[in-house]
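Coordinates in review
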Number of protein chains: 2
Amino acid sequence: MNARVRNRIRQIVGDAHWSHRREDLLLYSYDGMNRRYLPEMVAHPAGAGEVSAILRLANEVPFPVVPRGAGTGLTGGSLPVDGGLVLTTGRMNRILNIDPENSVAWVESGVINGDLQSEAKKHGLFFPPDPASMNFSTLGGNAAENAGGSRAVKYGVTRDYVMALEVVMPTGEIIHTGSAAIKSVTGYDLTRLIVGSEGTLGFITRLLLRLIPIPEAVRTMLAGFTDIGRAADAVASIMSSRVVPSTLEFMDRSAVECVRDYIGFELPSESGALLLIEVDGSPAAVEEDERTIAQACTESGSVFVRSASRQSDRDSLWAARRSISPAIMKIRPLKINEDVAVPRMKIPELVARIEELSRRYRVIIVNFGHAGDGNVHVNFLLDPGDADEVSRAHAAVEELFQVVVSLGGTLSGEHGIGIAKAPYLDIELEGTAIEVMRRIKRALDPNNILNPHKTFDYDRSSVARELRA
Amino acid sequence: MNARVRNRIRQIVGDAHWSHRREDLLLYSYDGMNRRYLPEMVAHPAGAGEVSAILRLANEVPFPVVPRGAGTGLTGGSLPVDGGLVLTTGRMNRILNIDPENSVAWVESGVINGDLQSEAKKHGLFFPPDPASMNFSTLGGNAAENAGGSRAVKYGVTRDYVMALEVVMPTGEIIHTGSAAIKSVTGYDLTRLIVGSEGTLGFITRLLLRLIPIPEAVRTMLAGFTDIGRAADAVASIMSSRVVPSTLEFMDRSAVECVRDYIGFELPSESGALLLIEVDGSPAAVEEDERTIAQACTESGSVFVRSASRQSDRDSLWAARRSISPAIMKIRPLKINEDVAVPRMKIPELVARIEELSRRYRVIIVNFGHAGDGNVHVNFLLDPGDADEVSRAHAAVEELFQVVVSLGGTLSGEHGIGIAKAPYLDIELEGTAIEVMRRIKRALDPNNILNPHKTFDYDRSSVARELRA
């Protein structure tokens, strides 16, 4: 990216909206994953027209272009691995229209998830996807990563709420995918091809999102069990009842030990696993669901069940879940968080296998996550100064992926592949399936301009190279 | 397809499972759309291995291969437009496994939707997609067309229930897409690219489907209104309440006139529009929802509201909806059924525009469909012997598509594009979006072997050619 190229980009986005000063570039060199790659330039386009002009230029020169929302991703999806240009959605931050009659919203891709929630709430509506980053992360980033969240067990993930997109293709064409009609089968489903493609197949500039009415009533419950097996029995019993909880989170023994001192009440000492459960709906339905769930927990041998309907009481039950992250950081300063997912009835087996990995590799592992959809956050806790521990942890991660796949599961439930898991992709996917994905990438991005190395182009030799560097 | 090629196919599928006798081929020359194309050969492979061998051969020779389920599709998706080989899923009709603990089922693609429903019911589960053809159509066909149905307003469409696929690519590779974990973001979403691609991007051989618990209680309601505007007010009021009906069907004035003599009770004479509404869930929730809906209808000026909870009473309300098709066939022997969709609040405007088209083109048009998701079945009733009427109807159809798109809608809500709507694709999609779809098709099917001419390769000149022939 020489001066001539930088100049052309400056002309496209305007003088105030680009930089190649090192102190600015540093801000765009990292995301929620713990690695740094310095871009050569950063630019903040105003919309699809400018993104299109830049992508055409990038194909001509060529140079890599890396889309970036708020940079909260956990798998390195917005890292400029090969340098080049970081292109942000920072200026595309307008909620264009909320249409309460059709329960939809048009937004630009740089709008913060939480900002849409606040606006939608004024119309009695909400946007169900609620990644933990929702107060910082952008809707464009949520869509690019197909973000999940705690409510996914009832409401699904980002993919289920994106109706239509304005996208700039890697070669610069602006296209519109999907429809404002809820049902549409016209042509290939480009919307869902772009959603979850981690910015490798297109740069999202606008989204049409489906909103739904805020439920009238919510009930939160915390239930303790002696062990994860009994908690899993309760999960099975709840999920085979006709109740669909809006949240069904679990914590294993090590997670319970972490939070014991942080929550506002005395946990019975025999609590070796916790379930945090929420139901929402009409007041009558919520009361009925609460009874069904309490009974399911009791019949599965729960140690205790607490229930709350008022916000302040609900917050105190959520305190257990929310205190995990700060609590575990006191054990070790470095955390590798893998968000594997398995068929939900395989969670006890997965947790048992993880306990065995923890013993064999001598690494502290804390498990919690979304029991309702089998999505487990496996946290490896490390001292970054202890090279041997770090190396044992990496070996344990690789074996974890093998275990997960042998249980019918997946490397990532909601965080994406990025560069963090790309080296392990072939543990889950056959070579033929990866080759089909590569053919699509090559067909839409023949010069490999848009977000190179993400998803399936960052192999184990790249990691080895990087560790040497 | 000479004798040598036929012989190789015979060797792949076995002697008993192919034919090129004219009387057999005739059976595979038509589907739910009113056109005929004779294939050169039909074969019934046992599974992915045989499909793969045939597709490799087809690329070598080459000859076109047209996948076929039960042939109930309404847009010609299984028609062998260029002759070649029809490849059926007739022998892939096993339900491989129903796993009630994880609420999933593995099925072969030739399993009838209704057969899965019967088996799932034994475990208290059901498969939500319910196209009108469900007692005949296959799950592979449902997935290829991304079929909808009456329950889509609450439960979504086929796409929302396909978790994983075994697919033979057009070039013969067998791949596995998706995951048995409910949440998975590993790699591109090939599952949803294949679902709805109308057999042009892959031949589906097995599907992993998500099932959900059968609701405890169902309540059916029929409400009459003086006109479609008031019915639309009721729809708006219901959808903006927190009630999500499991069915929300409407009939316009012409449809009401058709069914008046067929239903088991006297419709008040001022009924110019009907809504058929169902809610399901726990008994308490259903009762509450019924009250909310009755109130919404009354406040919107309904002429009458009837409600039923027993199956026999519910059937008598459904009789109104079910009698439309036989009733309208008495008006004219030929029906062109277009399943356009618009944002749901645009239905009254769409119906008004259709009334205007009906007057201007002098064609009888009857409208009914899924009000909850804006999916309207627009039925043009014709005498096939009246060439002028047929030609006026075709002109009206084209203008209908233009109206629908101007209202933010789509050519097809659930029937697919096939060859029936392919000539009109550019009314809805920009050239750049169509070109992106073509690039994907070319990347995955470089020799254009699998189901050629479907979705976007059947233009207006093909129709003109065909009308001349």
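Treat the numbers as computed from the prediction; the structure is a model and nothing was measured. (Residues numbered from 1 in each chain as written. Chains lettered and ligands numbered in written order. Predicted model: local features only at pLDDT ≥ 70, side-chain atom pairs only at ≥ 80, totals over all residues. Heavy atoms only, no water.)

Structural notes on the sheet that holds strand β8 (residues 162-168) of chain A
Residues and elements named next belong to chain A. With antiparallel pairing, five strands are arranged side by side in an open sheet as β5-β6-β10-β8-β9. Every other strand in the sheet has two partners, leaving β5 (95-99) and β9 (174-178) as the edge strands with one partner each. Each strand axis lies, on average, 10° off the axis of its neighbour in the sheet, ignoring direction. Here six bridges tie β8 to strand β10 (residues 203-210), and the two strands are oriented antiparallel to one another. Bridged to Val 167 within β10 is Ile 204. Contacting β8, β9 and β10, helix α3 (residues 48-60) crosses the sheet at an angle of about 45° to β8. Seen against the sheet, helix α4 (residues 113-121) touches β5, β6 (104-108) and β10 and runs at an angle of roughly 35° to β5. (Pairing = 2+ DSSP bridges. Helix = DSSP H or I, 4+ residues; strand = E, 2+ residues; numbered from the N terminus. Axes fitted to C-alpha atoms, helices over the stretch in contact; angles between N-to-C directions. Contact = heavy atoms within 4.5 Å.)

Section: the sheet that holds strand β15 (residues 304-308) of chain B
All names here are of chain B. In spatial order, the strands read β15-β12-β14-β13-β17-β18-β16; together these seven strands make up an open sheet with antiparallel pairing. Because the sheet does not close on itself, it has two edges, and the strands there are β15 and β16 (334-338). Across the sheet, the mean angle separating the axes of adjacent strands is 15° when strand polarity is ignored. Seen against the sheet, helix α11 (residues 311-322) touches β12 (217-225), β13 (247-251), β14 (273-281), β15 and β17 (364-370) and runs at an angle of roughly 45° to β12. Its contacts with the sheet put helix α14 (residues 387-406) on β16 and β18 (375-382), and the angle it makes with β18 is roughly 165°.

Considerations on the relation of the copies chain B and chain A
Overlaying chain B on chain A yields an RMSD of 0.0 Å, the required transformation being a rotation through 180° with an accompanying axial translation of 0.0 Å. Interpreted geometrically, this transformation is the action of a two-fold axis. Both copies share a contact surface, since 100% of the interface residues of chain B are interface residues in chain A too. (Least-squares fit on C-alpha atoms with pLDDT ≥ 70 in both.)

Regarding the packing of helix α13 (residues 347-361) of chain A against helix α14 (residues 387-406) of chain A
How two helices pack is summed up by the angle between their axes together with the distance between the axes. Residues and elements named next belong to chain A. At a closest axis distance of 10 Å, the pairing of α13 and α14 adopts a crossing angle of 155°. What the angle tells us is that α13 and α14 run roughly antiparallel. Classified by chirality, the crossing of α14 by α13 is right-handed. Residues Leu 350, Arg 353, Ile 354, Leu 357, Arg 360 and Tyr 361 of α13 form the contact with α14, whose own contacting residues are Arg 392, Ala 395, Ala 396, Glu 399, Leu 400, Val 403, Val 404 and Ser 406. (Parallel < 35°, antiparallel > 145°, perpendicular 65-115°, else oblique. Left-handed = near helix turned anticlockwise from the far one by under 90°.)

Considerations on the pairing of strand β8 (residues 162-168) of chain B
For a regular strand, side-chain orientation follows a simple rule: the groups alternate between the two sheet faces. The element β8(B) is largely enclosed, with a buried count of seven among its seven residues. What sits between β8(B) and strand β9 (residues 174-178) of chain B in their antiparallel hairpin is a turn of five residues, with B:Gly172 showing a positive phi close to 105°. (Buried < 20%, exposed > 50% of the residue type's maximum accessible area, 1.4 Å probe, protein only.)

Focus: the nonpolar core
By size, the foremost hydrophobic cluster in this structure holds 194 residues, and its most contacted members are A:Leu116, A:Leu350, B:Leu116 and B:Leu350. In contact with B:Leu350, other than residues within four places in its own chain, are B:Val340, B:Val342, B:Val376, B:Leu400, B:Val403, B:Val404 and B:Leu407. (Core = buried A, V, L, I, M, F, W, Y, C linked by side-chain atoms within 4.5 Å.)

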